[in-house]
Amino acid sequence: MSATALFGNYARSNLSFDHGEGVWLVTKDGRRFLDCGSGIAVNSCGHSHPHLVKALQEQAAKLWHISNLHQMPEGERLAERLVDNTFADKVLFVNSGAEAMEAAIKCARRYQYDNGQPDRFHIITFEGAFHGRTLGTIAAGGQAKYMEGFGPKAPGFDQVPAGDLEALKAVIGPQTAAIAIEPIQGEGGIKEMQPEFLRALRQLCDDNGLLLIFDEIQTGVGRTGKLFAYEWSGVAPDLMAVAKGIGGGFPVGACLATAETAAALAPGTHGTTFGGNPLAMAVGNAVLDVILADGFLQDVQKKGLNFKQKLAGLVDSHPKVLELVRGSGLMMGLKCVVPAGDYVAAARDAGLLAVPAGDNTVRIMPPLTMTEDEIAAAVERLEQAAQAVDAKLVEGAAE
């Protein structure tokens with residue numbers, strides 16, 4: 001028999017956590033780890049945030065699930081708050097980022113269908129993208145390693161190099177329905193899209209009757225120091241996929257859209273059993289209470305700049321281990337010289353949790369509630385990790 005009854009599709013560490021306190025995770029034997037992964041950019045308010053705990057407990061004592069056959073007042077409230085603070089007019093709640101992207105893709109295709117152009121169903125995406133793990137979203141991402149062994153690629157997705165405007169123009173045709181992009185590629189290695197490129201995408205969409213989809217599953221809900229990363233570019237999409245941080249650890253996803261675009265999903269065209277359930281909506285509203293509080297996002301910007309400067313110093317001190325730092329707000333990546341997994345393991349040994357990504361990069365994405373003292377503690381542990389890897393390199397060279 002195997003050691004566990006779980007599927008073996010995750011390469012888990014040997015750590016098991018008992019509870020969390022803010023930016024810290026604690027094992028059953030009392031070891032404390034500084035969480036700079038936030039459950040992959042999910043725990044936006046940290047662990048066991050009292051306001052989120054209170055909201056969930058109060059709702060759990062009243063109502064868990066009723067389905068979307070009935071009114072959902074807390075969902076209405078959360079949707080109104082998202083509309084008030086974004087480009088959107090309408091919100092569809094789901095349970096995950098992949099579901100949010102699937103909804104955006106379906107909405108874009110249905111929009112073109114409703115406007116008399118059923119052959120316009122292709123979505124243009126960008127190399128290095130990651131949009132989820134469903135058959136549709138792995139096809140959208142286009143990365144062979146995620147599609148291998150799962151049959152033919154779902155049709156209707158065209159990939160072009162990120163930032164290559166001419167390659168993009170060459171692909172646009174009568175079959176094109178929309179363009180989808182992450183303002184910062186998270187899984188791809190914390191690669192930022194330049195504002196002028198995003199503005200060019202908006203213009204191309206307007207000129208060609210296309211919809212612009214932003215995947216803000218990882219970049220959204222304050223992660224970059226704005227509520228959503230698109231705000232930095234001054235460009236608004238037609239559709240936006242949101243998840244991760246909006247639930248602060250509870251499974252919540254959402255597809256935001258303009259009124260014209262959202263009208264494509266009429267009754268019967270799309271649905272979800274659990275999306276927008278009372279527990280999720282209560283927590284989502286509690287998360288926005290924290291993120292939208294006066295000065296909170298400005299503090300994220302300030303802390304992110306400080307953290308990035310300290311990480312740049314770390315890179316300069318260890319050129320055989322680290323190559324560069326990139327990112328925005330509290331979404332940063334350390335591109336490594338050594339294998340990124342080696343540095344993640346060394347950081348874990350030093351009491352800090354980080355997340356590997358593409359392009360040999362380590363993601364640093366702590367809770368947005370992290371303090372300046374905790375940033376200093378994180379840098380100290382990352383320094384210890386770099387020293388440990390440096391020492392192994394010296395030992396290896398001596399053998």
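Computed from a prediction, not measured in an experiment: that's the story for all the values here.

Asker: Can you lay out the pattern of salt bridges for me, pointing to particular residues and giving the numbers?
Answerer: Under the defined criterion, the tally for this structure stands at 13 salt bridges. With a shortest N-O distance of 3.5 Å, D114 and R110 are connected by a salt bridge. One end of the pair is D114 and the other is R110, both in helix α4 (residues 97-114) and four residues apart, which spans about a single turn. The salt bridge involving D359 is made with R326; its shortest N-O contact spans 2.6 Å.

Asker: Provide a residue-level description of the pairing of strand β12 (residues 253-257), including the pertinent values.
Answerer: Judged by how many residues are buried, β12 sits mostly within the fold: five of five residues are covered. Note that strand β4 (residues 90-94) and β12 share five bridges and pair antiparallel. When the bridges of β12 are listed, F93 appears paired with A254.

Asker: Explain the sheet that holds strand β15 (residues 352-353) to me, and be specific about the residues and the numbers.
Answerer: If you trace the four strands from one edge of the open sheet to the other, you get β1-β2-β3-β15, paired in mixed fashion. On the outer flanks of this sheet lie β1 (17-21) and β15, each paired with one strand and no other. As defined by bridge partners, strand β2 (residues 24-27) adjoins strand β3 (residues 32-35) across three bridges and the pair is classed as antiparallel. Following the sheet pairing, V26 is matched in β3 by R32. Contacting β2, β3 and β15, helix α13 (residues 372-398) runs over the sheet at an angle of about 105° to β3.

Asker: Run through the state of the cysteines, naming residues and quoting values.
Answerer: Covalent bonding between the sulfur atoms of two cysteines is what defines a disulfide. Using the criterion set out here, one finds zero disulfides in the structure. Considering cysteine sulfurs only, C36 is the nearest to C45, which forms no disulfide, with 16 Å between them. With a relative accessible area of 2%, C45 lands in the buried category. Summary of cysteine pairing: C336 is not part of a disulfide, and the nearest cysteine sulfur, belonging to C36, is at 14 Å.

Asker: Which residues make up the environment of A11, and what are the values?
Answerer: Locating A11 in the fold gives a position in the segment before β1. Along the primary structure A11 and F274 are separated by 263 residues, whereas in three dimensions their C-alpha atoms are 28 Å apart.

Asker: So what's going on with the sheet that holds strand β11 (residues 239-242)? Residues and values would help.
Answerer: Read across the sheet, seven strands follow the order β4-β12-β11-β10-β7-β5-β6 without closing on themselves; strand pairing throughout is mixed. Looking at strand neighbours, the two that pair on one side only are β4 and β6 (157-160), the edges of this open sheet. Strand-to-strand, the axes of this sheet are offset by a mean angle of 20°, without reference to chain direction. Examined bridge by bridge, β11 and β12 share four bridges and lie antiparallel to one another. Opposite V242, over in β12, you have A254 as the bridge partner. Strands in contact with helix α3 (residues 73-84) are β4 and β12; relative to β4, the strand with the most contacts, it is inclined by about 130°.

Asker: Could you give an account of the nonpolar core, with specific residues and numbers?
Answerer: Membership of the largest hydrophobic core comes to 82 residues, with the highest contact counts inside it found for L168, I179, L201, I291, F307, Y343 and I364. The element that contributes the greatest number of residues to this core is helix α10 (residues 278-291), accounting for eight residues. Not counting residues up to four positions away in its chain, the partners in contact with I364 are C36, F307, L330, M331, M332, L334, A354 and L382. A100, A104, I123 and F157 belong to the second-largest nonpolar core, a separate cluster that totals 25 residues.

Asker: How would you explain the packing of aromatic side chains if you had to name every residue and give the values?
Answerer: A complete count under the given rule lists four aromatic pairs for this structure. With centroids separated by 5.7 Å and ring planes inclined at 85°, the aromatic side chains of F87 and Y230 adopt a geometry described as edge-to-face. Pair noted here: F87 is in the loop between α3 and β4 and Y230 is in the loop between β10 (211-215) and β11, with a separation of 143 residues, a long-range link. Here F87 and Y230 have matching classes, each one buried.

Thresholds, definitions, all that
- Residues numbered from 1 in each chain as written.
- Predicted model: local features only at pLDDT ≥ 70, side-chain atom pairs only at ≥ 80, totals over all residues.
- Heavy atoms only, no water.
- Salt bridge = Lys/Arg side-chain N within 4 Å of Asp/Glu carboxyl O.
- Helix = DSSP H or I, 4+ residues; strand = E, 2+ residues; numbered from the N terminus.
- Buried < 20%, exposed > 50% of the residue type's maximum accessible area, 1.4 Å probe, protein only.
- Pairing = 2+ DSSP bridges.
- Contact = heavy atoms within 4.5 Å.
- Axes fitted to C-alpha atoms, helices over the stretch in contact; angles between N-to-C directions.
- Disulfide = S-S within 2.5 Å.
- Core = buried A, V, L, I, M, F, W, Y, C linked by side-chain atoms within 4.5 Å.
- Phe/Tyr/Trp six-rings, centres within 6.5 Å; stacked < 30°, edge-to-face > 60°.

So yeah, pure geometry; function would need other evidence.
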